[in-house]
Amino acid sequence: MVTKNLMYGLLLQCLFLTTLMAHDIHAQVKPIDKTYVVLDKSEWQLQEIFKNIETITDYKFVYPEDILNNKPIINANKKRQSVNDLLVEIGTAANLKFKQVDNSIYVGERSGKKEIIQIEIEDVTVTGKVIDDSGEPLPGTSVTLLGTTTGTVTDLDGSYTLSVPDGSTLVFSFIGFVSKSVAVKDKSVIDVVLSEDISSLEEVVVVGYGTQKKENLTGAISNITAEEIQTTTHTSLAQSLQGKISGLQIRQQSGAPGDLLTSIDIRGFGSPLYVIDGIARDGGNEFQRLNPEDIESISVLKDASAAIYGFNAANGVIIVTTKKGSKGAPVFQYNGVVGIQTPTEMPQMANAFQYMQIRNDANVNIGQNPFLTKEELQNWQQGGPGYESIDWYNETMKNFSMQQQHSLTVNGGSDNVRYFTSLGFLQEDGLARSDAFKYEKYNLRSNISVDLTENLVADINLSGRFDKSTGPSFSAFDILRGTISSLPSNQPYANGNPNYYTDVRDGQSFNPLALSDPELVGYNESVTKQFRSQISLTYKFPFLEGLSVKALGSYDNTHIMNKSLNKSFNLYTYDADNDTYIPNTLRSPSSIHNGNVDNNRTTFQAHLLYNTTVDERHNLGVTLVYEQRQGWGRNSALSREYQFYTTDQVDMAGTNNMRNSGIESQDASISYIGRTTYDYMGKYLIEVAARYDGSYRYHPDRRWGFFPVVSGGWRISEENFFKDNINFISNLKFRGSYGIIGQDAGAPFQFVPGFSTSGGGGYEFVNGNWTVGARSPAIVNQNLTWMESSIKDVGIELGLFNGKFNMELDVYQRDRTGLLAQRNVSLPNTFGGNLPQENLNSDRVRGIDFSLEHNNMIGDFQYGIGGNFNFARTMSVYVERGPFVNSMDKWRGGPLERWNDIVWGYDLEGQFQNKEEVVYAPIQNGDLGNTRELPGDFKYRDANGDGIIDGNDNLPLFWGGNPKLHFGLTLNASWKRFDMNALLQGSGNYSLRFTHAYATVLWADGNQPAYFSDRWHKADPYNSDSEWVAGEWPAARRTADVGAMYSESGAWRKDASYLRFKSLELGYTFSPSLIESIGFSNVRLYVNGHNLLTITDPYVKSFDPEKTEGGLNTGWVYPLHKSYNLGVNVRF
Amino acid sequence: MNLIRKIFFIIAVLALHSCGDALDLRPMDKLDAEALFASEEGVQVFMANLYSQLPIEDFAWTRNGFNSATLNTIGITPSNQTDIAANSEYSHLIDGGGNFSWWGYGLNRDINLLMETIPTLSFTEEEKQVLMSEAHFLRAFTYFALAKRYGGVPLITSTQSYEGDVESLKVPRSTEKVTWDFVLEECDRAIEHLPPGNGSSRRATKWAAYALKSRVALHAASVAKYWDKAPLSGPAVDQNLIGMDASEANRYYEECIKASEAIMNSGTFSLYLPTPGSPGEAAENYRKLFEDPSNALQEAIFIKGYTEPTSGHSFDFWFNPNQTSDGSPHPGRMNPTLEFVDSYESYSNPGESAPIVTTLDGDVNDYGGYDPNKEYLRFDTPYAIFEGKDARLWGTVVLPGTEWKGKTIIIQAGYVEPDGTGTIETNTSIDVNGVTYYTFGAADWTEYSGFSGIQAANMSRTGFSFKKFLSSTPVNPNLGQSRNDWMEFRYAEVLLNYAESVVESGYIGNNAQATAAEAINSLRRRAAHTVDIPLTLENVLRERKVELAFENKRYWDLIRRRDFHLIFDSYQRHGLKPLLDLRVNPPQYIFIRSALPRENPLTFPQHFYYVSIPGVGSNDLVQNPQY
């Protein structure tokens, strides 16, 4: 694998190659008394004679200039003589002494009767090979004697041979790698493994419309390379980034195959812009489905440096760069990984006896007759025929599902053409026993670079993706709900006959085994075909170094085809008296649906780049870009119903209730982009950039926006006063940025008046004939424009001990104005119209990013440790609204000057311990008093002391559902051929409250989690005078019969902060000698695991705290996975 | 270098091609005003949107608002907020402040926009007059819905435009009297030019406008007459924004009488199948009238339609008994109460409600539960106890043991064991003489429809299930799949409006007393009654309660007549529990009158007679009392 660092290093190394060659001492060193010369004249100036000897021999004289002052003319013998003899002659005449070390002859003043000649040639020949961590040879590595520039460079195989004096030390160095010194001693073979210097200041980072040296960055830009990404195996690329970059907030929301419902957010700003190979593309969905093997690096623009991307970059930008080919014989690489996955957590549901107990309690506790008789309850406790308990989850779902990923890449090139080609395949199975859930993905990429002429390069990148998700026509949500709510006292099959699914309809769900059977209920299928293409031409002007132009054209197409078949199906009740199965037909009639979406986009860019250095101190870079984008799309959908089901083809369905829909859309934008960077000797850095962006969305007079950014940095560590005095600090940089970015707001075309036939209500004026209504025109909105974000960022970068420790700290603030709001909240509501949304509101995000890393090597043991965190909060700065009714209203409802995402609730004081406490407690249920409260129920604090618990006692007690804190910790180490990577990740400062079955006793009378069995209950449910027995949860009652049990409080809303052992990978690379014989250049085996361990609140843990579902927090979405994988990486 | 020149040429051509007005795109989902109003069809397209917003209190009017058929309403309808029915799951009831709010100024604005557009259209003057009257009908409908909720409201009759001055847009509330008079005047202007039409016209007709006026005037008259039954106080009362003087009542009653007479004398309308041959036939006629009003265009005055593919309501989804759910996951939600069932007459005792008698002593006020020592009347079937009651009960309610959609609907609360032990609402079974009896009447929950704790929300807790409006054939078991139409105005209501106005006002013109008596008796004859009863207020109100049951009239009757707070004063609604008595062989049924399980005592606070005015923080309107 050729990394960018390596390529960059090679380039630089080639430049220095000539200098090193001059000192090459590859030739055998001859002692001076064995080397003979014939001089062509007898009278010599000293300098002249040295030069003459240097021309006719390999020797080189080394001397201070002043030593030749005031020396006499030498009269030399013109016959053949040894150099030794000649020097003795000269030494005597000029009072000098000579010392030969290898081919160098050191000249010095001679005092007294000291020896004229010293010869020190006791060289040993050392050979060896230099390779990198992955076993790749490192051609061009310089091998020098410590303290000298004498040495050699390695050849294409990474091999070298060098004669060195005894007792010397060799220094192996290569740009981008950590240099290594090895004492020769008595070794004749010295093989060296160089590790990449991750902290290398020479690292080049992709920024908007170009690249920059990391050391010169003035914005908050994080960068991650392929190697760091690939230490995590997951079907979503986003999951492979989680926890690794400070400020990148990633949360997975569902584990369903192909769902990839992951929220990706930079610094709490919102959904970022995704730029793949220089083109803004489809967003998180496309990003997550990239083949990780194709990726060279990912940059994250976290501050105003994103302004270079103009509209829709206000939430930050994720820039993906794919790999390119490099010159050389084709290198094939295969990476394959196979693994199993299992849910991180699934709450255990109650068994039949537990359920019956609780259900019985629910009657008894409100004074009703017992739900079932004592004998029946005992029967359920004992089990036995007719009283079996069913674990619906286990009946429906497997313990493990499989996933596999395979990728083959080829990389190589001739003098003029370089190519990178890859083919990727991924398959993931779902947990349903019916195997109904499946996801398949194929990725193909071909990146080709062609040198058309010496100065003209064409880059052609083509890529495609085909992926397909399939599932039964009921969602995983419906099926899981079935496994949760179905009563354990029911059976999956009527009369135990697997041909007849039982008519189970508990807790608003159906028999989950039936729902997960696509043969029975039909299926859903979604196929995406995605084509991405771009061609660019880059021309370097030969007459002015550093000036180049580039033209780039791109066409993208995405086609999505959905198909679903919703079959009508029967569930059965067994009638034992007549031995018949009574069907209950559900979801009649059957229907079929097709949907098509076709989206297209073209992008054209023209770039002008100029980089120059003036007077070796002033470095100047200029980038100018013109960009034009156009998009268009068309979608349509159709459905039909069946009179009776035939096949899964639309034409084969009936013509009743046929429905269809379709609409087209287009968009366009034009942009002018400019950037200038300047630095003075790498110490003072300044960058000014701007984008002038025009969008089709807004009124022609208000559609152009100007978005500037300015940033600067001071590398104090480059100052002489600093270098001379503080050695242990290798890098210290202060930087800051400020910029303004736009974000599209509101529906497009609001400036165009008109009626719409969508969104209006229809009416049946003639029986059987539906008239679609036209919606009255909304008030024309000429003033609508984009939201504007101004982002400030101040950062410090610190490197210690030559990059062994690196620290980066950023503090940032984003102020957004022009957020949409309707002015009519302060208009009288008798106006009757909705004023259009205007750019009225504003908010602010403030946060801190921090990362720290340490890399080191002790002998063969190399290790690295890195940590990062991000803490960010949002507040509303201005919210358009009507006046507050009173000060209480203002306190409760006024969001200003207060961080968002705060949840109000009652302060939980504990549980009532007995009936007396209930009676004398403040009134919790208004007119009902505390008549519904029982011992064990939650007791809330009467915050205002008025004896009534009501809305006025609510307090701002909790953070809401969005984590404010995100953190990650990476560990990597290698020892000899073993390597290890570990990642811990977590979030904090948020809370979760589940709803429905997981947080309601007997929700909808369905089954409930087993933990509710630890409850307050009567010692004998059949004796109303028996004592209360305490438990963790309140006494069981149906939802309609409780008092204030489910009010918002700490009883149900839990701190969901968590720390998760996200991934662990262990690898072993085989020794080249073992595998070369079978034709491989590198073979690495690895095992890894994902989501291995989670530490969090025990109640929250059973649902996985990473997964939140937004509004409907049922916990019923497809579980997240824990996975274990085995992989192999082969190069040949 | 030739190659480079070629390439630059290509790029230059491409760049030129792509410049220009790339940003000047047009939306693909908008239509100009000229294009829309160019034809009668285009006007109809605009009208469709207005009619769809009209506050018609039909199947889709729930506590979630209008047009809420496809929302998860838990099957709570306005009927559950009164004394005639309970929801199977929730005793969620009257909370006048929020659930009945409807601030229809959005529709008002659209209507005003239409009225301002009509003069500019290129139609004939007559066509424009008709359109204008139709707009007045829509506005009358709109302000009626506002007036009955809020009392006096701001009357805004032209589209306001916002020029940056919020204050100039604020219009104060008119008095309640002025508001009612405005609504009646709008009705008159609607009547003026609308074409007569009949029950098949689904846009406004003259008769629909009269029917609206009849309903409006009766409501206004009742508020004036009964304001003092539940007086309120506060600024809104001081300024007459709510409340009217009793002296206004008779003027409104007479407006109602005249409007009703216009329809009764039109010769266009009559009752559907007015002379049935038997109570059984009457019950089936009555049910069919609502299953498909298109069969009864002589009775329908104004129909709101439902049709495929996009328009449907959810009555079948929510209200079928559990056994005939067709796969709907949430059936059985509408449980008619015992007091409602009690209020029907029996044929043997005309002019009196006939409460269900369950015991030998005939005590219908004993709700003490099963007592083994009490002498219960025993019946061979679970429905025999209802025999002889008004046919409309059988057409409205699914009674225990009766057939519905091909199934015998089993609603049973338990049994009395041979030793006299009552096993009630506990899930078990017993073997007696070799036969297994189940507490709820069958072994599996799919085979019965009442009282069980299993699938409790789908089970009747009153002992009754619901039938009126439901389709007798299977319906797609999803939300919004019922297609039967709604009669917003029907002839029977006009007769009842008329009768009530006559009896309340003592009006005697045009032989009104006799006509009113005939009006209620014609309805009773249609229900197979053979003996006429005299015109009394009690008779009129009983007739109204049973004839218009579940047509969302009961709620407003309790409001306008100020009866809500008198009934709902820590009130507990009731049901009837059928028990299988195994003390006798063969077993027979006995019945227990009892309070509803899982229900709180319900109280209607008097200030709920008016709904809270929304947005007083910005519209500066005077708020109704106690909000």
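Above this text is the structure in question.
Residues numbered from 1 in each chain as written. Chains lettered and ligands numbered in written order. Predicted model: local features only at pLDDT ≥ 70, side-chain atom pairs only at ≥ 80, totals over all residues. Heavy atoms only, no water.

Engineer: Could you clarify how one ought to interpret the overall build of chain B in this entry?
Structural biologist: Helix and strand counts for chain B come out as 19 helices and 14 strands. Computed over its C-alpha atoms, the radius of gyration of chain B comes to 28 Å, within 12% of the 25 Å expected for a compact globule of 627 residues. Its C-alpha atoms give chain B principal-axis dimensions of roughly 105 × 85 × 50 Å. For chain B, buried positions account for 63% of its 627 residues. Of the contacts formed within chain B by residues at least 6 apart in sequence, a portion of 74% connects residues at least 24 apart. Here chain B displays about 21500 Å² of accessible surface, and carbon together with sulfur accounts for 51% of that area. (Helix = DSSP H or I, 4+ residues; strand = E, 2+ residues; numbered from the N terminus. Rg over C-alpha atoms; globule rule 2.2 N^0.38 Å. Buried < 20%, exposed > 50% of the residue type's maximum accessible area, 1.4 Å probe, protein only. Contact = heavy atoms within 4.5 Å. Areas by Shrake-Rupley, 256 points an atom, 1.4 Å probe, with all protein chains shown as cover.)

Engineer: It is not clear to me how the overall build of chain A should be interpreted in this structure. Could you clarify?
Structural biologist: From N to C terminus, chain A includes 16 helices and 58 strands. Projecting the C-alpha coordinates of chain A onto the three principal axes gives extents of approximately 130 × 70 × 70 Å. Per-residue burial over chain A gives 54% buried out of 1132 residues. At a minimum sequence separation of 6, the contacts of chain A that also span at least 24 residues come to 69%. With the model as given, the accessible surface of chain A reaches about 46900 Å², and the carbon-plus-sulfur share is 54%. Averaging the locations of the 99 positively and 128 negatively charged side chains of chain A gives two centres separated by 4 Å. (Lys, Arg positive; Asp, Glu negative; His and termini not counted. Charge placed at Lys NZ, Arg CZ, Asp CG, Glu CD.)

Engineer: Looking at this structure, I do not really get the packing of helix α14 (residues 491-505) of chain B against helix α15 (residues 512-526) of chain B. What am I missing?
Structural biologist: Helix packing for two helices is described by the angle between their axes and how far apart those axes are. Residues and elements named next belong to chain B. For the pair α14 and α15, interaxial distance at closest approach is 9 Å and the crossing angle is 140 degrees. Between α14 and α15, the interaxial angle falls into the category oblique. Judged by the sense of rotation from one axis to the other, the crossing of α14 with α15 is left-handed. Side by side, α14 and α15 meet where Ala492, Leu495, Leu496, Tyr498, Ala499 and Val502 of the first sit next to Ala512, Gln513, Thr515, Ala516, Ala519, Ile520, Ser522, Leu523 and Arg526 of the second. Considering only residue class, the contact of α14 with α15 consists of 11 nonpolar, three polar and one charged. (Axes fitted to C-alpha atoms, helices over the stretch in contact; angles between N-to-C directions. Parallel < 35°, antiparallel > 145°, perpendicular 65-115°, else oblique. Left-handed = near helix turned anticlockwise from the far one by under 90°. Nonpolar A, V, L, I, M, F, W, Y, C, P; charged D, E, K, R; others polar.)

Engineer: What's the story with the nonpolar core in this structure? I'm lost.
Structural biologist: Taken as a class, soluble globular proteins show a tendency for nonpolar side chains to be buried jointly. The biggest cluster of nonpolar side chains holds 224 residues, and the ones touching the most others in it are Trp1052 of chain A together with Met47, Tyr51, Phe137, Leu212 and Phe550 of chain B. For this core, the leading source of residues is helix α7 (residues 206-226) of chain B, giving 13 residues. Leaving out residues up to four positions away in the same chain, Met47 of chain B has contacts with Phe765 of chain A together with Leu114, Leu131, Glu134, Leu138 and Arg203 of chain B. Val206, Ala304, Ala306 and Tyr309 of chain A belong to the second largest nonpolar core, which has 29 residues in total. (Core = buried A, V, L, I, M, F, W, Y, C linked by side-chain atoms within 4.5 Å.)

Engineer: I keep staring at the sheet that holds strand β14 (residues 588-595) of chain B and nothing clicks. Help me out?
Structural biologist: To summarise the sheet geometry, strands pair through backbone hydrogen bonds and adopt either a parallel or an antiparallel arrangement. Residues and elements named next belong to chain B. With mixed pairing, four strands are arranged side by side in an open sheet as β8-β7-β13-β14. Every other strand in the sheet has two partners, leaving β8 (422-424) and β14 as the edge strands with one partner each. Taken pair by pair, the neighbouring strands of this sheet meet at an average axis angle of 25 degrees, ignoring direction. Here strand β13 (residues 574-581) pairs with β14 via eight bridges, running antiparallel. Paired with Leu576 across the two strands is Arg593, which belongs to β14. (Pairing = 2+ DSSP bridges.)

Engineer: How do you make sense of the side chain of Thr218 of chain A when you look at a structure like this?
Structural biologist: Along the chain, Thr218 of chain A turns up in the loop between β17 (210-213) and β18 (221-225). The contact partners of Thr218 of chain A, leaving out residues within four places of it in the chain, are Leu685, Glu687, Ser711, Gly712, Gly713, Arg735, Gly736 and Ser737 of chain A.

Engineer: Please explain the packing of helix α2 (residues 46-56) of chain A against helix α3 (residues 83-94) of chain A as it appears in this structure.
Structural biologist: Residues and elements named next belong to chain A. For the pair α2 and α3, the least separation of the axes is 12 Å and the interaxial angle reads 165 degrees. Viewed along their axes, α2 and α3 adopt a mutual orientation that is roughly antiparallel. Remark: the crossing between α2 and α3 carries left-handed chirality. Contacts between α2 and α3 involve Leu46, Ile49 and Ile53 from the former and Leu86, Ile90 and Ala94 from the latter. Its residues assigned to classes, the contact of α2 with α3 comprises six nonpolar, no polar and no charged.

Engineer: For this particular structure, what's the right way to read the packing of aromatic side chains?
Structural biologist: The geometry of an aromatic ring pair is captured by the separation of the ring centres together with the interplanar angle, meaning the angle of the planes. Scanning the entire structure with this criterion turns up 109 aromatic pairs over all chains. Relative to Tyr51 of chain B, the ring of Phe765 of chain A has its centre 5.2 Å away and its plane inclined at 90 degrees; by these criteria the two rings are edge-to-face. Here the residue Phe765 of chain A occupies a position in strand β40 (residues 763-766), and Tyr51 of chain B occupies one in helix α3 (residues 40-53), the pair thus bridging two chains. Relative accessible area serves as the criterion here: at 6%, Phe765 of chain A is assigned to the buried category. For the ring pair Trp1003 of chain A and Trp1116 of chain A, a centre distance of 5.5 Å and an interplane angle of 65 degrees mean the geometry is edge-to-face. (Phe/Tyr/Trp six-rings, centres within 6.5 Å; stacked < 30°, edge-to-face > 60°.)

Engineer: Can you help me understand the pairing of strand β2 (residues 300-304) of chain B in this one?
Structural biologist: All names here are of chain B. The element β2 is extensively covered by neighbouring structure, given that five of its five residues are classed as buried. As defined by bridge partners, β2 adjoins strand β12 (residues 486-490) across four bridges and the pair is classed as antiparallel. Across the sheet, the residue bridging to Ile303 is Met487, located in β12.

Engineer: What exactly am I supposed to notice about the pattern of salt bridges here?
Structural biologist: Residues and elements named next belong to chain A. Per the stated rule, a full pass over the model turns up 105 salt bridges over all chains. The partner of Asp815 in a salt bridge is Lys792, with the nearest N and O atoms 3.6 Å apart. With Asp815 in strand β43 (residues 805-822) and Lys792 in strand β42 (residues 787-800), this residue pair connects regions lying 23 residues apart in the sequence. Within the structure, one salt-bridge network assembled from shared partners comprises Arg267, Lys302, Lys733, Arg735, Asp793, Glu797, Glu808, Asp810 and Asp849. (Salt bridge = Lys/Arg side-chain N within 4 Å of Asp/Glu carboxyl O.)

That is the geometry; function is a separate question.
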